Amino acid sequence: MNHSRALSVLPSLTDLRSMTHAPRRDLLCGLTVAAVALPLALGFGVTCGLGAAAGLATAVVAGSLAALFGGSARQVSGPTGAITVLLVPIVHRYGADGVLTVGLIAGVLLLALALAGAEAITACVPAPVIAGFTVGIAGVIALQQVPAALGVPAPRGEQVAVVAARAAAEFGRVPHWTAPALAVGSAALTLAGARWKPAVPFALVAVTVSTALAEVLPVDVTRVGTLPATLPAPSLSFLDLSRVPSLLAPAAAVAALAALQSLLSASAADAMRPGERHDPGKELFGQGIANLTAPLFGGVPATGAIARTAVNVRTGAASRLAALSHALILAGTVSLAAPLVGRVPLAALAGVLLATAVRTVETDTVRAMARSTPGDALVLVLTAASTLVLDLVRAVLIGLGVSVLLALRAAVRGTRLTPAAADELPGGSGRVTYRFDGPLLFAGAHRLRRSLAEVHDGVSAVDLRMSGLTAVDATGALALRDAVGELRGRGIEVRITGVGHRHRRVLESLGVLPAAPGAGPSRDRGAIPSAAGVPAP
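About the thresholds
- Residues numbered from 1 in each chain as written.
- Predicted model: local features only at pLDDT ≥ 70, side-chain atom pairs only at ≥ 80, totals over all residues.
- Heavy atoms only, no water.
- Helix = DSSP H or I, 4+ residues; strand = E, 2+ residues; numbered from the N terminus.
- Rg over C-alpha atoms; globule rule 2.2 N^0.38 Å.
- Buried < 20%, exposed > 50% of the residue type's maximum accessible area, 1.4 Å probe, protein only.
- Polar contact = N/O pair within 3.5 Å; in protein donor to acceptor, adjacent residues only side chain to side chain.
- Contact = heavy atoms within 4.5 Å.
- Axes fitted to C-alpha atoms, helices over the stretch in contact; angles between N-to-C directions.
- Parallel < 35°, antiparallel > 145°, perpendicular 65-115°, else oblique.
- Left-handed = near helix turned anticlockwise from the far one by under 90°.
- Nonpolar A, V, L, I, M, F, W, Y, C, P; charged D, E, K, R; others polar.
- Core = buried A, V, L, I, M, F, W, Y, C linked by side-chain atoms within 4.5 Å.
- Expected span 1.5 Å × (residues − 1).
- Bend = angle between axes of the 7 residues up to and from the residue.
- Pairing = 2+ DSSP bridges.
- Right-handed = clockwise from strand over helix to strand, strands pointing away.
- Salt bridge = Lys/Arg side-chain N within 4 Å of Asp/Glu carboxyl O.
- Phe/Tyr/Trp six-rings, centres within 6.5 Å; stacked < 30°, edge-to-face > 60°.
- Lys NZ or Arg CZ within 6 Å of the ring centre and 35° of its normal.
- pLDDT = per-residue confidence, 0-100.
- Patch = residues over 30% accessible without salt bridge, like charges linked within 9 Å, V, L, I, M, F, W, Y side chains within 5 Å.
- Areas by Shrake-Rupley, 256 points an atom, 1.4 Å probe, with all protein chains shown as cover.

Engineer: Talk me through the overall build of the protein; I want residue IDs and the actual numbers.
Structural biologist: Scanning the protein from terminus to terminus reveals 21 helices and six strands. On C-alpha atoms alone, the protein measures out to a radius of gyration of 30 Å, which is more than a quarter above the 24 Å that the 2.2 N^0.38 rule sets for 537 residues. Its C-alpha atoms put the protein at 105 × 60 × 50 Å along the principal axes. The burial tally for the protein puts 49% of its 537 residues in the buried class.

Next up, the structure:
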């Protein structure tokens, strides 16, 4: 990593000066986004198990730092459902201190990704995998809200479906309908309002109405509880260095997801404002700074938030001042109204998050992708189901694995060995010319060997034209060597022509072709004989 790379991910003067272009408009946008972000920050903090205060600390600290150091002028960052899905099992296994340590390590890893220039991460994940885990995340978020929506204590466990079923059974023993009514009402108002007036923060309206109703209802409901009026002093008291090795794997998963979601969210912001492009390296750097700092104030890991970013763009944000002001407005709101915020019913937040889960899924995109090809549909369904049944990390690995297998299958099917010409050599002996097109990889090497083995005994010579070779690996080269060796063992002359320069080295090193003049003897002493002069074994 050179000095210029380190400088390229730091904020520039142009980035900072842009915040003075339309400050009034940006402040109004920040106010709107803060109204949307407040119930989500409370809800995600409660859902992950660290409490509403942790969600607010994340929105304030991570939201402001990512806005200053990130690579997108309109990205809004904070706690999100995808990260919450990863954090719940971490809380169960390692406790709150473990989650804070994971956030700290994830911040370091994100900074390393930024400085290493690893911003091409989004290009490595196929679209069906992204769509599949988005559907799965929505399902997990919805299931996570079941206990709060029913007004029962959350049962212990890591499997969200099992926990939701236990909560439903507990509710069935002694049903109380106040909490479900508040949850359903909040979800309905949020969804209906988003369709009617997308720019209006109906989630906050739903929470406000639910809180007012809860104050006059005769039945008490579970509420957010006491919130600190100010952020706690930064501290590393949670850090236990002896636990760091065991937390590296979950931290790597959090960092990878934070990078992926943040870059996807920034790309979505670009699409909503044509002509503008985010800087992916700076975005990873900003997320790294945000995640490195938020745990010091009791905050959980954060990412770019697609829904909040969309609100920011659609309300006309001109610069990163809008995202920065949203974080500062949240801090001021909690400082002035902490007792009031603490009166918010958890069931109302559950309803808002249920609505968020519904809105997370872009049904048109998912439906179109499911209909595109059977392979894409399979990857989407497997990834979504694995997210629900297993966890997000394994779901993505399963989706990627199946995608790779399908890609290899397509590559194998694209490999062709076809007769190009046939003529009679002097003396009546026959010569056949074959043209090879496509990749010669381990997955399809046996097809080449089988095809060449079918050359009938009446042929005395075979020409293999390899100008259509697109890729080759050691397995494919060895299969070709063995096939040619079998033909020569039957007395058939074989000549290989047209191999491109970049593929010749592999074939030479494994004895399929003779080494270039002056290259020294072949490393493979078992090389087969050939009409072109490959040495005999």
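Engineer: If you had to explain the side chain of N291 to someone new, which residues and values would you point to?
Structural biologist: Among the secondary structure elements, N291 is positioned in helix 12 (residues 280-293). Take N291: its relative accessible area is 2%, and that puts it in the buried class. Among the polar contacts listed, one links the side chain of N291 to the backbone oxygen of Q287, at a separation of 2.8 Å. With residues up to four places along the chain from it excluded, the contact list for N291 reads G103, L104, G107, L110, P301 and A302.

Engineer: Outline the packing of helix 3 (residues 23-48) against helix 14 (residues 321-341), listing residues and values.
Structural biologist: A pair of packed helices is captured by two measures, namely the crossing angle of their axes and the spacing between those axes. At a minimum axis separation of 7 Å, helix 3 and helix 14 run at an interaxial angle of 50°. Compared by their axis directions, helix 3 and helix 14 come out oblique. Between helix 3 and helix 14 lies a crossing whose hand is right-handed. Seen from helix 3, the contacting residues are P23, D26, L27, C29, G30, L31, V33, A34, A37, L38 and L42; seen from helix 14, they are L321, A322, S325, H326, I329, L330, T333 and V341. Partitioning the contact of helix 3 with helix 14 into residue classes produces 14 nonpolar, four polar and one charged.

Engineer: Go over the nonpolar core with me, naming the residues and quoting the values.
Structural biologist: With 85 residues, the main nonpolar core has L42, L87, F133, L227, V254 and L392 as its most contacted residues. Ranked by residue count, the leading element in this core is helix 5 (residues 81-116), at 14 residues. Among all residues touching L87, those that are not within four sequence positions of it are C48, V99, V254, V300 and P301. Ranked by size, the runner-up nonpolar core spans 27 residues in total, among them V455, V472, L487 and I496.

Engineer: Run through helix 11 (residues 244-272), naming residues and quoting values.
Structural biologist: For helix 11, with 29 residues, the first-to-last C-alpha span of 40 Å sits near the 42 Å given by 1.5 Å per residue. Where helix 11 bends most, the angle comes to about 30°, and this point is P250.

Engineer: An account of the pairing of strand 5 (residues 459-472) is requested, with residue identities and associated values reported.
Structural biologist: A regular strand carries its side chains on alternate faces of the sheet. Judged from the 10 bridges that link them, strand 4 (residues 430-440) and strand 5 form a sheet pairing that is parallel. Residue T433 lies in a different strand from strand 5, and its bridge partner there is D463. Relative to strand 6 (residues 493-497), strand 5 runs parallel, the two being bridged by five bridges. If you follow V462 over to strand 6, its bridge partner there is V494. Of the crossover connections in this fold, the one passing from strand 5 over helix 20 (residues 474-489) to the parallel strand 6 is right-handed.

Engineer: Give a detailed account of the pattern of salt bridges, specifying residues and quantitative values.
Structural biologist: Pairs can form between side chains of opposite charge once their charged atoms are near each other. Throughout the structure, instances matching the rule amount to 11 salt bridges. The closest approach of N and O atoms between E215 and R343, which form a salt bridge, is 3.0 Å. Of this pair, E215 sits in helix 10 (residues 202-216) while R343 is found in the loop between helix 14 and helix 15 (346-360), placing the two residues 128 residues apart along the sequence. With a relative accessible area of 42%, E215 lands in the partly exposed category.

Engineer: Report on the environment of I492, specifying residues and quantitative values.
Structural biologist: Relative to the helices and strands, I492 resides in the loop between helix 20 and strand 6. A sequence separation of 183 residues divides I492 from T309, and the C-alpha atoms of the two residues are 67 Å apart. If we ignore the near neighbours within four places in the chain, the residues touching I492 are V455, H456, V459, S460, A461, V462 and L487.

Engineer: Give a description of the packing of aromatic side chains that names residues and reports values.
Structural biologist: For the structure on display, the rule yields three aromatic pairs. Their ring planes at 85° and their centres at 5.1 Å tell us that F171 and W177 sit as a pair that is edge-to-face. On the accessibility criterion, W177 (60% relative accessible area) is exposed. The side chain of K197 reaches across the aromatic face of W196, ending 5.8 Å from its centre.

Engineer: Just give me the short version of the environment of A199, but keep the residues and values in it.
Structural biologist: Within the secondary structure layout, A199 lies in the loop between helix 9 (178-196) and helix 10. Between the C-alpha atoms of A199 and T315, which are 116 residues apart in sequence, the distance is 6.7 Å. Contacts of A199, omitting those with residues within four sequence positions, involve T32 and T315.

Engineer: How would you sum up the confidence of the model for the protein? Please name residues and give values.
Structural biologist: On average, residues of the protein score 86 in pLDDT, and 92% of them are at 70 or above. In the model, residues 423-428 has pLDDT below 50 throughout and makes seven contacts with residues more than four positions away in sequence or in other chains. Here residues 519-537 is a poorly scored stretch, pLDDT under 50, and it has 39 contacts once near neighbours within four places are set aside; other chains count.

Engineer: Any chance you could break down a nonpolar patch on the surface for me, citing the residues and the numbers?
Structural biologist: Together, V200, V205, V209, L213, V216 and L217 line one region of the surface with nonpolar side chains, adding up to about 460 Å² of accessible area. Within the element layout of this structure, V209 appears in helix 10. Accessibility expressed as a relative area gives 40% for V209, which makes it partly exposed.

Engineer: Could you give an account of the packing of helix 3 against helix 5, with specific residues and numbers?
Structural biologist: Taken N-terminus to C-terminus, the directions of helix 3 and helix 5 make an angle of 25°; their axes are 8 Å apart at the nearest point. The angle between helix 3 and helix 5 falls in the class roughly parallel. Along its contact with helix 3, which presents F44, T47 and C48, the element helix 5 presents G81, T84, L87, V88 and V91. Across the contact of helix 3 with helix 5, the residue classes tally to five nonpolar, three polar and no charged.

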